[in-house]
Amino acid sequence: MRHKIAPLRLLSLAALVTGCASITTGHNQSLSVETRLDGQPAPGASCKLENDKGAWFATSPGTVVVHRSYNDLNVRCEKDGHEPGVAAARSSTKGMAFGNILAGGIIGAAIDAGSGAAYDYPSIISVELGRKRSLPAEPPPDASTPRIAPQPLGNDT
């Protein structure tokens, strides 16, 4: 009887500690979309945001909730009388995803990676009409500390 209870307890414990990022921040992310023309705001553009998890629509400036993913978020904005603007918002891995490996193990990390909960997009996506560009991922919140680039080793002779 004892051998039957132990595996059940282990499975229950594993279920409780997996998917940390999905529990704390969820699979969805709210972000803002703005359009610009020659550096000036260009409101009223129709924007389509798309990744492997789905497609969402917004009118700029606006806010939209998207499903997080490892893949980039492709954004295309169109406004009458102007060339469309295209941007690719890069996905970044959240710091808590690495902590999840320690707390939830490989199963928790796999759940968060598969569901998209381990990733983030930039919170503001700015699309320049008539241009194509790639938006870098936002640095993690603790990245305010300046990073020092590694220096090549020199000869002391």
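Scroll up a little and you will see the structure.
Residues numbered from 1 in each chain as written. Predicted model: local features only at pLDDT ≥ 70, side-chain atom pairs only at ≥ 80, totals over all residues. Heavy atoms only, no water.

A. Examining the overall build of the protein chain more closely. For the protein chain, the count of helices and strands is three helices and eleven strands. Scanning the protein chain from its N terminus toward the C terminus, one meets helices and strands in the order α-α-β-β-β-β-β-β-β-β-α-β-β-β. Each of the 157 residues in the protein chain was classed as buried or not, and the buried ones make up 32%. A total accessible area of about 10200 Å² is found for the protein chain, and carbon and sulfur atoms account for 58% of it. (Helix = DSSP H or I, 4+ residues; strand = E, 2+ residues; numbered from the N terminus. Buried < 20%, exposed > 50% of the residue type's maximum accessible area, 1.4 Å probe, protein only. Areas by Shrake-Rupley, 256 points an atom, 1.4 Å probe, with all protein chains shown as cover.)

B. Quick peek at the pattern of salt bridges. Applying the stated criterion to the full structure yields three salt bridges. A salt bridge links Lys-48 to Glu-50; the shortest N-O distance between them is 3.8 Å. Residue Glu-50 is classed as partly exposed on the basis of its relative accessible area of 35%. Ionic pairing is found between Arg-68 and Asp-120, a salt bridge with its closest N-O pair at 3.1 Å. Taken together, the residues Arg-68 in the loop between strand 5 (62-67) and strand 6 (73-78) and Asp-120 in strand 9 (residues 119-120) connect sequence positions 52 residues apart. (Salt bridge = Lys/Arg side-chain N within 4 Å of Asp/Glu carboxyl O.)

C. Spotlight on the environment of Pro-136. Locating Pro-136 in the fold gives a position in the segment after strand 11 (132-135). Owing to a relative accessible area of 59%, Pro-136 belongs among the exposed residues under this scheme. Pro-136 sits 45 residues away from Ser-91 along the chain, and the two C-alpha atoms are 8.2 Å apart. Those residues in contact with Pro-136 that sit more than four places away from it in its chain are Arg-90 and Pro-122. (Contact = heavy atoms within 4.5 Å.)

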